[in-house]
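What follows is the residue order along each chain.
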Amino acid sequence: MDPIQEIAQFFRRLKWTAMAAVVCWLLWLLAPVLTPFVLAALLGWLGDPLVDKLQARGRSRNFAVGLVFTGMIVLLLVALVLLVPTIERQVLTLWESLPTYRDWLMLTALPWVEARTGLEITQWLDLSHLFELIRGNWERAGGVATTLLGYMSRSGFALLTMVANAALLPVLTFFFLRDWDVLVERIAALIPRDHLGTASRLARDTSDVLGAFLRGQFLVMLILGVMYGLGLWAVGLDLGILIGIVAGLFTFIPYLGPTSGIILGSIAALVQYGDWQHVAGVLAVFGIGQVIETYGLTPKLVGDRIGLHPVAVIFAVMAGGQLFGFLGMLLALPLAAVINVLLRFAHERYVASRLYAGTQSAIVLEATAHHTHPPEHGQG
C-alpha cells in the first residue's frame, strides 16, 4: 500500500472514530429520553422470532404481531396482579419491623462486633438518631408513595417524562414488533456492499448470542426469584418473599444475587427469631438454589452464551450505570455481548493475518508439525 492510500485509510478510520464519539456523546445527553425506545426495541427484538415462526406457519404479519403483543400485555398484567399486592404487603411489613431491626442492630449486632474487634462504633455513629430521623421524615411525608411522588413533583418535567415513558412503551413495542424486519432491511441497505458479508455475519452472531443469553437469563431470574421467595417463606421469614425477589433480580450480576440474599436473609432470621437454626435454613435455601442454578438452570437455559468472565459482567454493569444511568445498566450486557463478538472476530482476523503468522508461516507450521526439533542447518 502506497503512502497516499495509507493516509486516506487513516483519515477514513479517524472519521469513523469521530462519528462513534459523537454518537456516544448524544447517547449520554439523550439517555433519559431514549430509555423507552431502547426498552421497546429490546422487547420487539425478543418477540420478533415468535412473530417469524407464526408467519412461517401461514399467519399474516399483522395477526402474528397482534398475537405476540397481546401475549406480552397479558403476561405483564398477570405479573402486576400477582406481584404488586405481595410486594406492597412485604414493604409494609418491613416498615413496621424497622424499630425491631434498629433495636437488634443497636443492642445485639454492634455490641457483638465491638466486643470482638475493640472498635467503638456506637460512639462514631448515632444510629438510633439516624433511624428516628428516617422514620420521622417518612411519617411526615406520609409513606413511601408520598415521598417518591413529592420528590418527583419537584420537577414537573421529570414527572411528565415518567408518565410519557410509561404510556409510550406499549405503543413503541407494537411498532417495533410490526416493522422489525423492515428496519433490519433498511439498515442492511446502508452497509457498503464490500462489507455486507462481514456485517451480516457479525449481526447474526451477535443476535444469536444475545438473544439466547437474555431469554435464558430472564427465565433463570424468574425461576430463582420464585424458588428463593417460597423457600424463605417456608423457613418462616416474614420478609422472605421480598428478599427472594431481590435475590432473583440481582442474579444477572454474577454472585451478587445469592450473596445479597444470604446477607439479607440471615439478618432477617436473626432479627425475627434470634437463633442460628433459621439462619441455617436460609443458607440451605440458597445452597440448594445455587446447586440447581449451577448444574441445571444455567447450563440448560443460558450456557456460556455471552462468553464473558463474571468480572467483566460486573464491570460492564457498573460502568454502564456510571456513564448513562439506568439506560447504561440496561444496555451494559447487550453492548458487552456485541463487543465480545467483535473481539472474537478481530482475534480471528489477527490470527489469520501476516502480522501474527509471519511471511514463512506455512514452512514454520510444517516443520512444527513433523519435527520434534527444528531441522539442522543444511537440511531441506
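Residues numbered from 1 in each chain as written. Predicted model: local features only at pLDDT ≥ 70, side-chain atom pairs only at ≥ 80, totals over all residues. Heavy atoms only, no water.

Enquirer: I would appreciate a short explanation of the overall build of the protein chain in the present structure.
Expert: Summing up its helical and strand segments, the protein chain has 13 helices and 0 strands in all. Along its sequence from the N terminus, the protein chain presents helices and strands in the succession α-α-α-α-α-α-α-α-α-α-α-α-α. For the protein chain, buried positions account for 27% of its 380 residues. Taking the intrachain contacts of the protein chain between residues at least 6 apart in sequence as the baseline, contacts between residues at least 24 apart amount to 69%. (Helix = DSSP H or I, 4+ residues; strand = E, 2+ residues; numbered from the N terminus. Buried < 20%, exposed > 50% of the residue type's maximum accessible area, 1.4 Å probe, protein only. Contact = heavy atoms within 4.5 Å.)

Enquirer: It is not clear to me how the nonpolar core should be interpreted in this structure. Could you clarify?
Expert: Across soluble globular proteins, you tend to see nonpolar side chains buried next to one another. Core analysis: the biggest nonpolar cluster contains 19 residues, and Tyr228, Leu232, Leu237, Val282 and Phe286 have the highest contact counts within it. Listing elements by their share of this core, those giving two or more residues are helix H7 (196-235), helix H8 (240-249), helix H9 (256-272) and helix H10 (276-302). Non-local contacts of phenylalanine 286, meaning those with residues more than four positions away in its chain, are made with Tyr228, Leu232, Ala247, Pro258, Gly261 and Ile262. If you look at the next biggest cluster of nonpolar residues, it comprises 17 residues, including Phe176, Trp180, Ala316 and Ala337. (Core = buried A, V, L, I, M, F, W, Y, C linked by side-chain atoms within 4.5 Å.)

Enquirer: In this structure, what is going on with the packing of aromatic side chains? I would like to understand it.
Expert: Aromatic rings considered in pairs are described by the distance between their centres and by the relative angle of their planes. Within this structure, the stated rule accounts for 4 aromatic pairs. Ring geometry for tyrosine 228 and phenylalanine 286: centres 4.4 Å apart, planes at 35°, overall tilted. Of this pair, tyrosine 228 sits in helix H7 while phenylalanine 286 sits in helix H10, and the two are 58 residues apart along the sequence. Taken individually, tyrosine 228 and phenylalanine 286 each receive the classification buried, so the pair is uniform in this respect. Connected via pairs of aromatic rings, a cluster forms that spans Phe69, Phe174 and Phe175. (Phe/Tyr/Trp six-rings, centres within 6.5 Å; stacked < 30°, edge-to-face > 60°.)

Enquirer: Whenever I open this one, the pattern of salt bridges confuses me. Can you help?
Expert: Any two side chains of opposite charge can pair, so long as their charged atoms come close to each other. This model, assessed by the stated rule, comprises 6 salt bridges. For the salt bridge of aspartate 48 with arginine 61, the shortest nitrogen-to-oxygen distance reads 3.1 Å. Of this pair, aspartate 48 sits in helix H1 (residues 3-56) while arginine 61 sits in helix H2 (residues 61-117), and the two are 13 residues apart along the sequence. Arginine 61 shares its class with aspartate 48; the two are buried. One salt bridge connects arginine 201 with glutamate 348, and the closest N-O pair in it is separated by 2.7 Å. (Salt bridge = Lys/Arg side-chain N within 4 Å of Asp/Glu carboxyl O.)

Enquirer: What should I look at first to understand the side chain of serine 266 in this one?
Expert: By the element assignment, serine 266 lies in helix H9. Exposure remark for serine 266: the relative accessible area of 14% places this residue in the buried category. Beyond its immediate sequence surroundings of up to four residues, serine 266 is in contact with Gly261, Val279 and Val282.

Enquirer: Is there a simple way to explain H9 in this structure?
Expert: Think of an α-helix as 3.6 residues a turn; residues three or four steps apart then line up on the same face. Relative to the 24 Å expected for 17 residues at 1.5 Å per residue, H9 spans 24 Å between its end C-alpha atoms, a close match to the ideal helical length. For H9, the set of buried residues is Gly257, Pro258, Ser260, Gly261, Gly265, Ser266, Ala268, Ala269, Leu270 and Val271. Backbone geometry just after H9 places glycine 274 at a positive phi near 70°. (Expected span 1.5 Å × (residues − 1).)

Enquirer: Help me understand the confidence of the model for the protein chain, please; the structure alone is not making it clear to me.
Expert: Interpreting fine coordinate detail is not advised for predicted regions of low pLDDT. Of the residues in the protein chain, 78% reach a pLDDT of 70 or more, and the chain-wide mean stands at 76. Predicted confidence is poor over residues 141-145, with pLDDT under 50, and the contacts of this stretch with residues over four places away or in other chains come to 5 contacts. Within the model, pLDDT remains below 50 along residues 151-155, and this stretch shows 3 contacts once partners closer than five positions in the same chain are excluded. (pLDDT = per-residue confidence, 0-100.)

Enquirer: Explanation requested: a nonpolar patch on the surface in the structure shown.
Expert: A surface patch of nonpolar side chains, amounting to about 770 Å² of accessible area, comprises Val22, Trp25, Leu26, Trp28, Leu29, Leu30, Val33 and Phe37. Within the secondary structure layout, leucine 29 lies in helix H1. Overall, the relative accessible area of 44% leaves leucine 29 in the partly exposed class. (Patch = residues over 30% accessible without salt bridge, like charges linked within 9 Å, V, L, I, M, F, W, Y side chains within 5 Å. Areas by Shrake-Rupley, 256 points an atom, 1.4 Å probe, with all protein chains shown as cover.)

Enquirer: Explain the environment of leucine 168 here, please?
Expert: Note on placement: leucine 168 falls in helix H6 (residues 156-190). Between the C-alpha atom of leucine 168 and that of phenylalanine 37, which follows or precedes it by 131 residues, the distance is 8.4 Å.

Enquirer: Just checking my understanding: could you explain the packing of H2 against H8 for this structure?
Expert: Two quantities define a packed helix pair, namely the angle between the helix axes and the distance between the axes. Put simply, H2 and H8 touch, their axes get as near as 8 Å, and they point 115° apart. Our classification of the angle between H2 and H8 gives roughly perpendicular. The crossing of H2 and H8 is left-handed. Facing H2, whose interface residues are Leu83, Thr86, Ile87, Gln90 and Leu94, H8 presents Gly240, Ile241, Leu242 and Ile245. (Axes fitted to C-alpha atoms, helices over the stretch in contact; angles between N-to-C directions. Parallel < 35°, antiparallel > 145°, perpendicular 65-115°, else oblique. Left-handed = near helix turned anticlockwise from the far one by under 90°.)

Enquirer: I keep staring at H2 and nothing clicks. Help me out?
Expert: In this model, H2 (57 residues) spans only 67 Å end to end at C-alpha, well below the 84 Å of a helix rising 1.5 Å per residue. A maximum bend of about 45° is found in H2 at serine 97, where proline proline 99 lies one to four positions downstream. Downstream of H2 by one or two residues, glycine 118 has phi in the positive range, about 80°. (Bend = angle between axes of the 7 residues up to and from the residue.)

Enquirer: Could you clarify how one ought to interpret the packing of H8 against H9 in this entry?
Expert: The N-to-C vectors of H8 and H9 enclose an angle of 165°; their axes lie 7 Å apart at closest approach. Judged by the angle between their axes, H8 and H9 are roughly antiparallel. When you trace H8 past H9, the crossing you get is right-handed. Across the interface between the two elements, Ile243, Val246 and Ala247 of H8 pack against Gly257, Ser260, Gly261, Leu264, Gly265 and Ala268 of H9.

Enquirer: Teacher, can you tell me more about the side chain of glutamate 293 here?
Expert: Summarising the element assignment, glutamate 293 is placed in helix H10. Engagement of the side chain of glutamate 293 in a polar contact is seen with the side chain of glutamine 290, the distance being 2.8 Å. Once you skip the residues sitting within four places of it in the chain, glutamate 293 turns out to touch Val220, Leu224, Tyr228, Thr251, Thr298 and Pro299. (Polar contact = N/O pair within 3.5 Å; in protein donor to acceptor, adjacent residues only side chain to side chain.)

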